[in-house]
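Reading the structure
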Amino acid sequence: MTDTTTVARATPEVRLYAALTGIVLLLLMLFGVLMRLAQSEWMTIGPDRFYQLMTAHGIGMVAIATLGGSAVLWHFLGQHVALRRGAAIANLAFFLAGVAVVLWSIFAGGFAGAWTFLYPLPAHPMGMWTRGAAAGYLVGVLLVGVGMLVFFLETTRAILQRYGSFAVALGWKMLRSGDKRDAPPPAVLAGTVVSIANLLAVFAGAAILTMMLINLYLPQFAISALLAKNLIYFFGHVAINATIYMAVIAVYEILPRYTGHPWGVYRAFVLAWNATLLMVLVVYPHHLLMDFAMPLWAVIMGQVVSYTSSLPVLAVTLVGTLANIHRSGIRWDLTSGLLVLSIFGWSAGIVPAVIDGTIAINQVMHNTLWVPGHFHFYLLIGCVAMILAFINWLSHEQAPARFGVLQGGLFWLYALSALGFVLMFLYSGHASVPRRFAVHLPEWQGYDRIASGFALLVLAAATLIVLPAVLRIAGGRGSGARAAGT
Ligand code: HEM
Ligand SMILES: [Cu+2]
């Protein structure tokens, strides 16, 4: 069970992951702000640059949320199983190499085919980028994937070494015996689910990236476009959802230290995580609802599972959070505030997601700003809030910190401006403003300008949270092992 009084040291690699995640998040948020300013016509950015920024922002955010989630997972899983740090270092090396190649392909080579690199777009640049740039993008993403492979093979190995089988780590033993002592700690349960899902995602991603690389140089090696899209969205859906399933471990492990109550692992909690493992793997056809060539059963499955996919884990996390806080005398600071905010962001963000996962509605809303609206909701106010909480917590030597007017103001600035920003996406989507348009009609620019204001405030708040935390981490703080809690 989670020990709520002592905490393990944060290893140098966890601190490095956390600090790097913070800095890169800020840079990519800036790219997002620039896109919004361009759509507002408050800034002149050519369409070619816009799509480069959009590609870098999209793939970059998915990658950095993965790195941030991995830091949370590594830190807490490492307290239950023996992880070999070489894997974390190798992952980081592949990550940095991959990011360097991707950045080169986009900003030097001009690649702007969106993070989803949908086949056959990379091979048909209409003069906008070279074949080398397209290949660079695919190779760069592949390198990041190799890093993930090393990382999740190691978490899997360590879990199996300690628990003997997936059945025990996934809590099946506890389901059978009903004995709480057989329950895996939440970090192990979530870690096992994510490791299995992400390994499958990486295999699918690597397969399509390799096929497309061959196709770039040997066009006669044609790929079924439908197969390509299935593989890409299987990979994309699982990888981005896994970021939340890793980051949420921060809620399970940190919140109890603020309330003094351990996070309970009970039957419904275990069942929910197991159900999510199955559903996260089969729900991705909700990205293909408009593809008439898809078998009907697959899109129906996409719709039905969309309704249920995130629900179990969300429900047990929401109920668990409320139960954990209730009458606990929780200590409020930036960390605990962001953790509770993240549960709100994740829960509320699911609502517009489920609406979009409905075939009849998707036909109308699919290519509107409703789509970035729903995923920015649970990524920015859910996943990123969890990651910011983790970074802040590490930087304060894993102990509650002062929550004065300044920190309180910062918390509300982040929460409210992020909410305003995502609501403007949803509102624009409701008004049928298309997504992925570099140039917006004058009628849409009112929304864009309000959104730009909120986006600038989000960036400001995030900067004021991240920079001091990173300085504290770099200054050697954040490594301390201290008694924390009440
Ligand atoms: C200050 C924060 C942020 C701002 C201002 C911002 C802004 C934007 C904008 C303007 C777009 C393009 C929308 C369109 O016209 O289609 C976009 C797309 C996107 N954003 Fe963000 N964003 C932010 C944070 C995030 C975060 C935290 C994530 C994920 C962790 C994220 C992931 C994405 C993805 C995956 C896309 C889709 C790109 C595509 O359509 O290919 N963003 N964002
Ligand atoms: Cu999805």
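Residues numbered from 1 in each chain as written. Chains lettered and ligands numbered in written order. Predicted model: local features only at pLDDT ≥ 70, side-chain atom pairs only at ≥ 80, totals over all residues. Heavy atoms only, no water.

A look at the coordination of the copper ion (ligand 2)
Angles at a metal have ideal values that depend on geometry: 109.5 degrees with four tetrahedral donors, 90 or 180 degrees with six octahedral donors. As a reminder of what qualifies: Shown as donors are all N, O and S atoms within 2.8 Å of a metal ion, widened to 3.2 Å for Na, K and Ca; because water is not in the atom set, sites may appear incomplete. Strands here are runs of E lasting at least two residues and helices are runs of H or I lasting at least four, both read from the DSSP assignment and numbered beginning at the N terminus. The rule is simple: take the accessible area with a 1.4 Å probe, protein chains only, and divide by the maximum for that residue type; under 20% is buried, over 50% is exposed, in between is partly exposed.
Note on the copper ion (ligand 2): its protein donors are His237 (ND1), His286 (NE2) and His287 (NE2). The metal-donor distances range over 1.9 to 2.1 Å. In primary-sequence terms, the residues that donate to the copper ion (ligand 2) follow H-x48-H-H. One end of the pair, His237, is in helix H8 (residues 225-247); the other, His286, is in the loop between helix H10 (267-282) and helix H11 (296-308), with 49 residues separating them in the sequence. Both residues of the pair, His237 and His286, count as buried.

Section: the site of ligand 1
Spelled out, the test is: It suffices for a single heavy atom of a residue to lie within 4 Å of a molecule or strand for the residue to be listed as near it. Any pair of N or O atoms that falls within 3.5 Å is considered a polar contact. Within protein, one atom must be able to donate a hydrogen and the other to accept it, and sequence-neighbouring residues count only if both atoms are side-chain atoms. Three classes are used: nonpolar for Ala, Val, Leu, Ile, Met, Phe, Trp, Tyr, Cys and Pro, charged for Asp, Glu, Lys and Arg, and polar for all others, with Gly counted as polar.
Taken together, 24 residues form the shell around ligand 1, and within it Gln39, His57, His376, Arg435 and Arg436 come nearest. His376 is positioned with one of its side-chain polar atoms (N or O) 2.8 Å from a nitrogen atom of ligand 1. Where the shell around ligand 1 is concerned, the elements lending two or more residues are helix H1 (12-40), helix H2 (47-77), helix H15 (370-395), helix H16 (405-430) and helix H17 (445-474). Among the residues forming the shell around ligand 1, the class breakdown is 16 nonpolar, five polar and three charged.

Describing H2
For clarity, the threshold we go by: Every helix has an expected span of 1.5 Å times one less than the residues it contains.
Its 31 residues give H2 an end-to-end C-alpha distance of 44 Å, which sits within 8% of 45 Å, the value for a rise of 1.5 Å per residue. The buried fraction of H2 is high, at 27 of 31 residues.

A short note on the side chain of Arg36
Selection rule: Two residues qualify as a contact provided that any one of their heavy atoms is within 4.5 Å of a heavy atom in the partner residue.
By the secondary structure assignment, Arg36 is in helix H1. Among residues more than four places away in sequence, those in contact with Arg36 are Leu369, Phe421, Phe425, Ser428, His440, Asp448, Ala451 and Ser452.

Remarks on the nonpolar core
Selection criterion: Only buried residues count toward a nonpolar core, which is a set of Ala, Val, Leu, Ile, Met, Phe, Trp, Tyr and Cys residues joined through side-chain atoms within 4.5 Å.
Among the nonpolar cores identified, the biggest contains 173 residues, and Trp273, Trp346 and Tyr414 are the most heavily contacted of them. Contacts of Trp346, omitting those with residues within four sequence positions, involve Ile244, Tyr245, Val248, Val313, Leu314, Thr317, Tyr378, Gly382 and Met386.

Some points on the environment of Gly132
With respect to the helices and strands, Gly132 occurs in helix H4 (residues 131-163). Ignoring sequence-local partners within four residues, the contact set of Gly132 consists of Trp104 and Tyr217.

Examining the packing of helix H7 (residues 186-217) against helix H9 (residues 249-259)
The criterion, for reference: Axis definition: a line fitted to C-alpha atoms, limited for helices to the stretch in contact. Angles are taken between N-to-C directions and run from 0 to 180 degrees. Working rule for angles: under 35 degrees goes down as roughly parallel, over 145 as roughly antiparallel, 65 to 115 as roughly perpendicular, anything else as oblique.
It is at 9 Å that the axes of H7 and H9 come closest, and there the two elements cross at 175 degrees. Considering the angle they form, H7 stands roughly antiparallel to H9. The segment H7 lies against H9, with Pro186, Ala187, Ala190 and Gly191 engaging Ile249, Tyr252 and Glu253. A breakdown of the residues in the contact of H7 with H9 according to their chemical character gives five nonpolar, one polar and one charged.

Some thoughts on the packing of aromatic side chains
In plain terms, the rule: Working definition: a ring pair exists when centres of Phe, Tyr or Trp rings (six-membered ring for Trp) sit within 6.5 Å. Plane angles under 30 degrees give stacked, over 60 give edge-to-face, the rest tilted. Only Lys NZ and Arg CZ are tested; either one counts as a charge over a ring when it is within 6 Å of the ring centre and within 35 degrees of the ring normal.
Evaluation of the coordinates by the stated rule reveals 24 aromatic pairs. On the numbers, 4.7 Å between centres and 45 degrees between planes, the contact of Tyr252 with Trp263 is tilted. Taken together, the residues span a long stretch of sequence, with Tyr252 in helix H9 and Trp263 in the loop between H9 and H10 at a distance of 11 residues. Between Tyr427 and Tyr447, the aromatic rings sit 5.4 Å apart at their centres with planes inclined by 85 degrees, giving edge-to-face as the arrangement. With a gap of 20 residues between them, Tyr427 in helix H16 and Tyr447 in helix H17 connect regions that are remote in the sequence. By relative accessible area, which is 23% here, Tyr447 ends up partly exposed. Site record: aromatic cluster; members linked through ring pairs are Tyr245, Tyr252, Trp263, Tyr266, Phe269, Trp273 and Trp346. Here the guanidinium or amino end of Arg162 rests over the ring plane of Tyr163, the centre of that ring lying 4.7 Å away.

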